[in-house]
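Residue-level listing of the chains:
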Amino acid sequence: MSTKKKRIYKIVNICLLILLISTYVVITIFKPVAIINPVNGNVVNHSLSNLPLSINWPSGVEAAISVDGYSFISTTGNFTPTQTASVAKLITSLVVLDKYPLYVGQQGNVLTISQNDVDIYYKYYKEDGSTSPVKLNEQISQFELLESMLIPSSDNAADSLAIWAFGSLANYSTEANKYLKAHNINETTVGSDASGLSPDTVSTPSDLLKIASLVEKNPVLMQIVGMKYADLPVAGRMYNYNSLLGKDGINGIKTGNSDEAGGVLLTSSTININGKDTNLLTAVMKAQNLSAAINANYNIVKQFRNNFSSSDQLNSYVASMNKYKTSWDNQTLDLSYDTLPDLQSLNSTDIKL
């Protein structure tokens, strides 16, 4: 090979080497840092043995609590679906608003009360259900029907609204069960009515927390469930059965009571953790009656608030859970609350208490 050709080959090889080195440098600079995989945290089920949270669960009920945004769930044990009573009306309201949304301040569609609606009222009245009087050809808005079913817990308002939205209770039941499955609420079944009076609508306390989480994301529903009374056409002023409203930050959500279900109560309340307000959700089922459900629910709320009067316990627990190991030097990092802007940064953490 001539000297000239050797020189050309040498120059080409040098250029290729420079290109390879440059490519490596560019890739190294812009390559994302390796994911820090958790050693003991982020998608983990932990018991409360590591956290001195003391809840004396009321006897004779099934109950669950969660802290929204912090992914805490605490329960009295494993549940089997049982009757929801009027708490089912929360599902009715969610499904109807999913089809016909409302914003705060809107009344929505105006419905004319038909003979069928009057018949529904008398049916529930004879069954000793919760009712709001109506009259033929009465004009009532979508918002007022939501008030009627969620404040005085009107069974006839729930069925009338569901039939208006979906054509029949059978159609409503189909759509409601689809809605639940779409939101990963798998232990709840909507039965033959929209009111919950029928015992074939069932759920569990842990599923009720999921339903409450959807309700609290809807400003219209949170406005209604926090009202102590509503002034309705024909029916006049009707009062909320949730006597806990306004106590210890409780701002909703729904009562239930029937012979088959006993007392059921789902509440939301504001709780301050580490200087930040968040929402505590509490579900009680299978109480002897509504009064017992109210007492049990309130007892749990007060105990939980007392446990978190200081955030020190919460900080240490989160720190013990969230240990990450770096891939480059195998170093373990503790991510305590203080190293994070908000516990909500740990969205994938599922801390089961």
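As the structure is a prediction and not an experimental result, all values here were calculated from the model. (Residues numbered from 1 in each chain as written. Predicted model: local features only at pLDDT ≥ 70, side-chain atom pairs only at ≥ 80, totals over all residues. Heavy atoms only, no water.)

## Quick word on the side chain of Asn-240
No. 1: As for its placement among the helices and strands, Asn-240 is situated in the loop between β9 (236-239) and β10 (250-258).
No. 2: A polar atom in the side chain of Asn-240 sits 2.9 Å from the backbone oxygen of Met-227.
No. 3: Apart from the residues within four sequence positions on either side, Asn-240 is in contact with Leu-150, Ile-151, Val-225, Met-227, Lys-228, Tyr-229 and Leu-245. (Helix = DSSP H or I, 4+ residues; strand = E, 2+ residues; numbered from the N terminus. Polar contact = N/O pair within 3.5 Å; in protein donor to acceptor, adjacent residues only side chain to side chain. Contact = heavy atoms within 4.5 Å.)

## Structural notes on the pattern of salt bridges
No. 1: Under the definition given, this model contains 7 salt bridges.
No. 2: Glu-175 is the salt-bridge partner of Lys-178, the closest N and O atoms lying 3.7 Å from each other. With Lys-178 and Glu-175 both in helix α6 (residues 169-182) and 3 residues apart, the pair spans about one turn of that helix.
No. 3: Judged by its relative accessible area of 32%, Glu-175 is partly exposed.
No. 4: Between Lys-210 and Asp-207 there is a salt bridge, and its shortest N-O distance comes to 3.9 Å. Separated by 3 residues within a single helix, Lys-210 and Asp-207 lie in helix α7 (residues 205-216), roughly one turn from each other. (Salt bridge = Lys/Arg side-chain N within 4 Å of Asp/Glu carboxyl O. Buried < 20%, exposed > 50% of the residue type's maximum accessible area, 1.4 Å probe, protein only.)

## What to know about the confidence of the model for the protein
Interpreting fine coordinate detail is not advised for predicted regions of low pLDDT.
No. 1: Put simply, the protein has an average pLDDT of 82, and 74% of its residues get 70 or more.
No. 2: Scored below 50 in pLDDT, residues 316-328 shows 54 contacts in the model against residues more than four places distant or in partner chains.
No. 3: In this model, residues 332-353 is a region of pLDDT below 50 whose contacts with residues beyond four sequence positions or in other chains number 64 contacts. (pLDDT = per-residue confidence, 0-100.)

## Here we look at the environment of Ser-66
No. 1: Along the chain, Ser-66 turns up in strand β2 (residues 62-67).
No. 2: Considered as a pair, Ser-66 and Asn-279 are 213 residues apart in the sequence and their alpha carbons are 8.4 Å apart.

## As for the nonpolar core
Considering soluble globular proteins, one finds that nonpolar side chains tend to be buried as a cluster.
No. 1: Counting residues in each nonpolar core, the largest one holds 58 residues, and the members touching the most others are Leu-90, Ile-91, Tyr-172, Leu-208 and Leu-266.
No. 2: The residues contacting Ile-91, other than those within four sequence positions of it, are Tyr-172, Ala-176, Leu-180, Thr-188, Val-190 and Ile-211.
No. 3: By size, the runner-up hydrophobic cluster in this structure holds 19 residues, among which are Ala-63, Ile-250, Leu-265 and Val-284. (Core = buried A, V, L, I, M, F, W, Y, C linked by side-chain atoms within 4.5 Å.)

## Quick word on α7
No. 1: With 12 residues, α7 extends 16 Å between its outermost C-alpha atoms, agreeing within 8% with the 16 Å of an ideal straight helix rising 1.5 Å per residue.
No. 2: When you tally the buried positions in α7, you get 10 out of 12 residues, the bulk of the element.
No. 3: The complete set of buried residues in α7 reads Pro-205, Asp-207, Leu-208, Leu-209, Ile-211, Ala-212, Ser-213, Leu-214, Val-215 and Glu-216. (Expected span 1.5 Å × (residues − 1).)

## Points about the pairing of strand β8 (residues 229-232)
No. 1: Burial along β8 is one-sided: the face carrying Ala-230 and Leu-232 is buried and the face carrying Tyr-229 and Asp-231 is not.
No. 2: Note: β8 against β9, 4 bridges, orientation antiparallel. Its bridge partner being in β9, Tyr-229 is matched across the sheet by Tyr-239.
No. 3: What sits between β8 and β9 in their antiparallel hairpin is a turn of 3 residues, with Val-234 showing a positive phi close to 70°. (Pairing = 2+ DSSP bridges.)

## Let's talk about the packing of aromatic side chains
No. 1: Taken as a whole, this structure holds 5 aromatic pairs when the rule is applied.
No. 2: Aromatic side chains Tyr-121 and Tyr-125 sit 5.9 Å apart centroid to centroid with 35° between the ring planes, which places their arrangement in the tilted category. A residue pair is termed a helical-turn pair when its members lie 3 or 4 positions apart in one helix, as Tyr-121 and Tyr-125 do in helix α3 (residues 115-126) at 4 residues.
No. 3: A relative accessible area of 11% places Tyr-121 in the buried class.
No. 4: Joined through ring pairs, the aromatic side chains of Tyr-121, Tyr-122 and Tyr-125 make up one cluster.
No. 5: It is Lys-123 that lies over the ring of Tyr-124; its NZ or CZ is 4.1 Å from the centre. (Phe/Tyr/Trp six-rings, centres within 6.5 Å; stacked < 30°, edge-to-face > 60°. Lys NZ or Arg CZ within 6 Å of the ring centre and 35° of its normal.)

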